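Listed below are the residues making up each chain.
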Amino acid sequence: MKKILKIFLTAITVLTITNCDNGFEELNQDPNSALQLDPGPKLTNTLLRTAGDRFENWRGNLIYSSTMIQHMSATGGVWAGDKYLYNAQWSGAWFERGYGDMVKAVEDLLSQLQTNADGEFSEEMVSIVRILRVFIYHKITDLYGDVPYSEAGKGFISGIFRPKYDPQSEIYADMLNELAEATAGLGTGASQLGSADILYQGSQEKWKRFGYSLMLRLGLRLIKVDPAASQQWAQRAIDGGVMQSNDDIAYIEHTLVDGLNRNGNGQVFSADGDSRLSDTFVNILNGDPRLTIYGSLPEDTGETDADGNAILRTEAERMDPTMQRGLPNGLNADGLLALTGETNDQAYTEANRLIITGEDAPYFFQTYAEVEFMLAEAALRWGIAGGDPATHYNNGVTAAMKFLELYGENAIISDSDIANYLTTNPYNPAIGLEQINTQYWVCTFLNDIESYANWRRTGFPVLTPVNFPGNESNGQIPRRLRYFEREQTANPQNYQEAITRQGPDQFTTRIWWDVE
């Protein structure tokens with residue numbers, strides 16, 4: 001990883017130097033423009049941007065998605081998501097940074113690879129970037145609905161500074177087609193991108209599996225709006241070859257080196273101590289060996305001794321599974337007092353700061369566990385994927401517990417604990433969809449934009465909305481986030497066309513694939 005970061009730093013240095021061109025070889029050349037960088041470091045940069053930093057993860061992934069989906073909760077601070085309150089910057093953050101950082105970077109890289117005159121860049125390099133491009137856009141469109149797509153990121157490339165908003169139906173059709181073509185362009189050898197590929201270290205085969213696994217995710221998104229197409233795309237993804245084990249997980253390894261590669265969620269937890277785990281999440285994890293990997297009590301009890309010193313918990317006390325308590329969603333401090341008679345939220349479980357909240361923690365794009373749960377659903381719905389949902393369900397639970405070891409040795413769950421859990425919580429076909437998608441919800445904790453999308457798709461787990469005073473959604477869990485507010489003045493015509501077509505720019509407006 002240090003070698004990868006060194007490559008990245010070198011790229012930034014080259015960019016700085018080339019911007020200071022004083023050779024005056026061509027008077028017509030823009031002295032402020034950089035020569036094209038090697039695509040390797042640009043891919044590293046794009047992957048890091050795709051994982052996101054503190055700004056967008058705090059707002060789009062945690063403040064809104066994690067609390068609306070009842071993984072997290074909070075009584076104070078800026079955490080307005082589980083109260084369904086509107087904050088313009090919070091709601092628009094993933095749109096703002098998605099286009100400003102992620103889209104701009106991936107469109108620039110793809111343009112460079114596709115327009116090279118000398119043919120020095122191979123088809124597999126283009127295919128990898130096309131898959132990454134789909135991953136970036138699908139998170140944006142799943143949060144907001146109709147968004148800039150066909151003309152997005154083209155300011156420098158094509159002089160398009162006010163891109164149109166494409167209908168989500170067209171975006172999805174194109175993203176699935178992109179995945180079909182990109183996966184077909186990949187083989188089994190090593191990519192020219194090599195170690196600059198910090199997702200898969202240049203493995204074409206793993207990128208191909210990721211592409212088909214992403215196709216399976218997007219195909220299942222269509223289940224409410226076009227069930228036949230949903231099945232067709234799921235079958236195509238399965239036939240192509242999805243992830244086969246935890247070795248195929250798409251994730252970014254973060255480090256603390258130089259502050260350039262820190263986990264965006266981890267940066268949030270470093271800056272903010274207000275959040276707690278939702279009681280919905282803790283209750284579902286009761287008896288689950290993941291409970292004290294995902295959650296622990298705060299070190300500070302919130303109480304003081306006779307001398308006024310803070311009373312602290314030991315590590316064993318913080319990790320005691322019998323002491324974990326989830327905080328109900330939709331409460332401020334007054335609400336907590338009225339409901340429980342308590343004023344101290346330090347008695348409630350938070351994300352485990354001993355294991356999962358580090359700035360050097362991995363950031364997951366998609367896991368093998370998610371894929372197994374989707375295969376279980378495909379088997380249950382259509383009899384495909386081997387036709388045995390129970391096997392895929394068990395594989396998914398096992399993978400979901402095993403991959404946590406990527407957080408370190410304190411997150412290892414034994415085979416016997418996994419077997420005991422599956423014996424106690426066996427797959428039940430009568431409630432199969434609920435079981436499968438509740439487990440999907442559990443294993444996508446901290447990847448909450450995905451949790452939120454899959455909950456809207458399936459309705460599982462069954463969540464009880466809150467009705468906080470002054471909420472923006474009539475006491476219902478929002479169906480989307482509102483656009484970046486600056487679009488109303490920076491791109492007014494296209495913004496207005498989008499809301500005329502899709503519906504009002506409100507939390508309650510459903511996006512295309514989320515029909516009632």
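The written sequence of each chain sets the order in which its residues are numbered from 1. Thresholds applied to this predicted model are a pLDDT of at least 70 for local features of residues and 80 or more for the giving and counting of side-chain atom pairs; totals over whole chains, interfaces and linings are not thresholded and use all residues. Each side-chain value is derived from all of the structure's non-hydrogen atoms; neither hydrogens nor water enter the calculation.

### Let's talk about the overall build of the chain
Argument step 1. Counting from the N terminus, the helices are the DSSP runs of H or I reaching at least four residues and the strands are the DSSP runs of E reaching at least two. Across its full length, the chain holds 21 helices and 10 strands.
Argument step 2. In terms of overall dimensions, the chain is globule-like: its C-alpha atoms have a radius of gyration of 23 Å, near the 24 Å expected for 516 residues.
Argument step 3. In terms of its C-alpha atoms, the chain occupies a principal-axis envelope of roughly 75 × 60 × 50 Å.
Argument step 4. Long-range pairs, those at least 24 residues apart, make up 74% of the contacts in the chain with a sequence separation of at least 6.
Argument step 5. Each accessible area value is a Shrake-Rupley result obtained with a 1.4 Å probe; residue values ignore everything except the protein chains displayed when judging cover. When the accessible surface of the chain is summed, it comes to about 20,700 Å², and 48% of that surface belongs to carbon and sulfur atoms. All radius of gyration figures rest on C-alpha atoms, and the globule criterion is 2.2 Å times the number of residues raised to 0.38. Whether two residues are in contact is decided by their heavy atoms: any pair within 4.5 Å suffices.

### Considerations on the confidence of the model for the chain
Argument step 1. Known as pLDDT, the predictor's confidence for each residue is given on a scale from 0 to 100. On average, residues of the chain score 92 in pLDDT, and 92% of them reach the 70 mark or higher.
Argument step 2. This model gives residues 1-34 a pLDDT under 50, and the stretch forms 33 contacts once residues within four places in sequence are excluded.

### A look at the side chain of Gln-204
Argument step 1. If you trace the backbone, Gln-204 turns up in helix H8 (residues 204-221).
Argument step 2. Given the relative accessible area of 9%, Gln-204 is considered buried.
Argument step 3. When sequence neighbours within four positions are dropped, the list of residues in contact with Gln-204 reads Glu-124, Leu-186, Gly-187, Thr-188, Gly-189, Ala-190 and Ser-191. For every residue, the accessible area obtained with a 1.4 Å probe (protein chains only) is divided by the maximum for its type, and the residue is called buried under 20%, exposed over 50%, and partly exposed between those limits.

### A word on the nonpolar core
Note that soluble globular proteins tend to have their nonpolar side chains buried in a common cluster.
Argument step 1. Buried Ala, Val, Leu, Ile, Met, Phe, Trp, Tyr and Cys residues that are joined via side-chain atoms within 4.5 Å together make up what is termed a nonpolar core. Core analysis: the largest hydrophobic core is formed by 137 residues, its most contacted members being Trp-207, Phe-210 and Phe-365.
Argument step 2. Looking at which element gives the most residues to this core, the answer is helix H5 (residues 123-144), with 13 residues.
Argument step 3. When near neighbours in sequence (up to four residues on either side) are disregarded, Phe-210 contacts Ile-131, Phe-135, Leu-199, Tyr-200, Met-243, Ala-250, Phe-365 and Gln-366.

### Brief notes about the pattern of salt bridges
Argument step 1. A pairing counts as a salt bridge when a side-chain nitrogen of Lys or Arg comes within 4 Å of a carboxyl oxygen of Asp or Glu. Inspection of the entire model under this criterion finds 33 salt bridges.
Argument step 2. Between Asp-514 and Lys-224 there is a salt bridge; the shortest N-O distance is 2.6 Å. Of the two residues, Asp-514 sits in the segment after helix H21 (492-502) while Lys-224 sits in the loop between H8 and helix H9 (227-240), which places them 290 residues apart along the sequence.
Argument step 3. Note that Asp-415 is salt-bridged to Lys-402, the shortest N-O span being 2.5 Å. A residue pair is termed long-range when its members are at least 10 positions apart, and Asp-415 in helix H17 (residues 415-424) and Lys-402 in helix H16 (residues 389-402) qualify at 13 residues.
Argument step 4. Judged by relative accessible area, Asp-415 falls into the exposed class, the value being 54%.
Argument step 5. For Lys-402, a relative accessible area of 25% puts it in the partly exposed group.
Argument step 6. Three or more residues joined by partner-sharing salt bridges are found here, namely Glu-107, Arg-130, Arg-133, Lys-154, Glu-178 and Glu-181.

### Description of the side chain of Gln-267
Argument step 1. Residue position: Gln-267 is located in helix H10 (residues 264-271).
Argument step 2. Of note is the side chain of Gln-267, whose polar atom sits 3.3 Å from the backbone oxygen of Arg-262.
Argument step 3. When sequence neighbours within four positions are dropped, the list of residues in contact with Gln-267 reads Asp-53, Arg-54, Arg-262 and Glu-359. Residues adjacent in sequence count toward polar contacts only when both atoms are side-chain atoms; beyond that, a polar contact is any pair of N or O atoms within 3.5 Å, and within protein one must be able to donate a hydrogen and the other to accept it.

### Digging into the packing of H9 against helix H15 (residues 368-382)
Argument step 1. With their axes 11 Å apart at the nearest point, H9 and H15 run at an angle of 130 degrees to one another. Relative to H15, H9 is oriented oblique. Considering only the axes of H9 and H15, their crossing is left-handed. For the pair formed by H9 and H15, the contact residues are Pro-227, Ser-230, Gln-231, Ala-234 and Ile-238 on the first element and Leu-375, Ala-378 and Trp-382 on the second.
Argument step 2. Each residue gets one of three labels, nonpolar for Ala, Val, Leu, Ile, Met, Phe, Trp, Tyr, Cys and Pro, charged for Asp, Glu, Lys and Arg, and polar for the others, Gly among them. Classifying every residue of the contact of H9 with H15 by side-chain character gives 6 nonpolar, 2 polar and no charged. Note on geometry: axes are C-alpha line fits, over the in-contact stretch for helices, and angles between N-to-C directions span 0 to 180 degrees. Angle categories: roughly parallel below 35 degrees, roughly antiparallel above 145, roughly perpendicular from 65 to 115, and oblique for all the rest. A clockwise turn of the near helix away from the far one marks a right-handed crossing, whereas an anticlockwise turn of less than a right angle marks a left-handed crossing.

### Side note on the environment of Gly-153
Argument step 1. Residue placement: Gly-153 occurs in the loop between strand S2 (147-148) and helix H6 (155-158).
Argument step 2. For the pair Gly-153 and Glu-107, spaced 46 residues apart in sequence, the C-alpha separation works out to 5.8 Å.
Argument step 3. The residues touching Gly-153, leaving out its near neighbours within four places in the chain, are Val-103 and Glu-107.

### Some words on the pairing of strand S7 (residues 300-304)
Side-chain direction in a regular strand flips from residue to residue, so the side chains alternate between the two faces of the sheet.
Argument step 1. Two strands are said to pair when DSSP picks up at least two bridges between them. With 2 bridges connecting them, S7 and strand S8 (residues 310-312) associate as antiparallel partners. Each residue of the ladder has a partner; that of Asp-300, found in S8, is Leu-312.
Argument step 2. Between the antiparallel neighbours S7 and S8 lie 5 residues, among them Gly-308 with a positive phi of about 85 degrees.

### A closer look at H16
Argument step 1. Along its 14 residues, H16 runs 20 Å from first to last C-alpha, staying within 8% of the 20 Å computed at 1.5 Å per residue.
Argument step 2. Among the residues of H16, Pro-389, His-392, Tyr-393, Gly-396, Val-397, Ala-399, Ala-400 and Met-401 are the ones counted as buried.
Argument step 3. Looking at the packing, one finds that the buried side of H16 touches H15, H17 and helix H18 (432-443). To estimate the expected span of a helix, subtract one from its residue number and multiply by 1.5 Å.

### Some words on the packing of helix H3 (residues 54-68) against helix H19 (residues 448-458)
Argument step 1. At a closest axis distance of 8 Å, the pairing of H3 and H19 adopts a crossing angle of 35 degrees. For H3 against H19, the interelement crossing comes out left-handed. Taken together, the residues of H19 that come into contact with H3 (itself represented by Gly-60, Asn-61, Leu-62, Ser-65, Ser-66 and Met-68) are Asp-448, Ile-449 and Tyr-452.
Argument step 2. A class-by-class count of the residues in the contact of H3 with H19 yields 4 nonpolar, 4 polar and 1 charged.

### Considering unusual backbone geometry
Apart from glycine, the bulk of residues carry a negative phi angle, and the bulk of peptide bonds sit in the trans form.
Argument step 1. The omega angle of the peptide bond from Phe-460 to Pro-461 is 0 degrees, so this bond is cis rather than trans.
Argument step 2. Among the secondary structure elements, Pro-461 is positioned in the loop between H19 and helix H20 (487-490).
Argument step 3. The phi angle at Gln-201 is positive, at roughly 50 degrees, despite the residue not being glycine.
Argument step 4. Take Gln-201: it is sitting in the loop between helix H7 (168-184) and H8.

### Let's talk about H5
Argument step 1. Counted at 1.5 Å a residue, the expected span for H5 with its 22 residues is 32 Å, and the 32 Å between its end C-alpha atoms agrees.
Argument step 2. Burial of H5 is extensive: 21 of the 22 residues sit out of reach of the surface.
Argument step 3. Count one or two residues on from H5 and you reach Gly-145, which has phi positive near 100 degrees.

### Some thoughts on the packing of aromatic side chains
Argument step 1. When two rings of Phe, Tyr or Trp (its six-membered ring) have centres within 6.5 Å they constitute a pair, described as stacked for plane angles under 30 degrees, edge-to-face for angles over 60, and tilted for the intermediate range. Per the stated rule, a full pass over the model turns up 26 aromatic pairs.
Argument step 2. Ring centres of Tyr-165 and Tyr-483 lie 5.3 Å apart, and the angle between their planes is 85 degrees; this geometry places the pair in the edge-to-face category. With Tyr-165 in strand S3 (residues 165-166) and Tyr-483 in the loop between H19 and H20, this pair connects stretches of sequence that are 318 residues apart.
Argument step 3. Here Tyr-483 falls in the buried class, since its relative accessible area comes to 1%.

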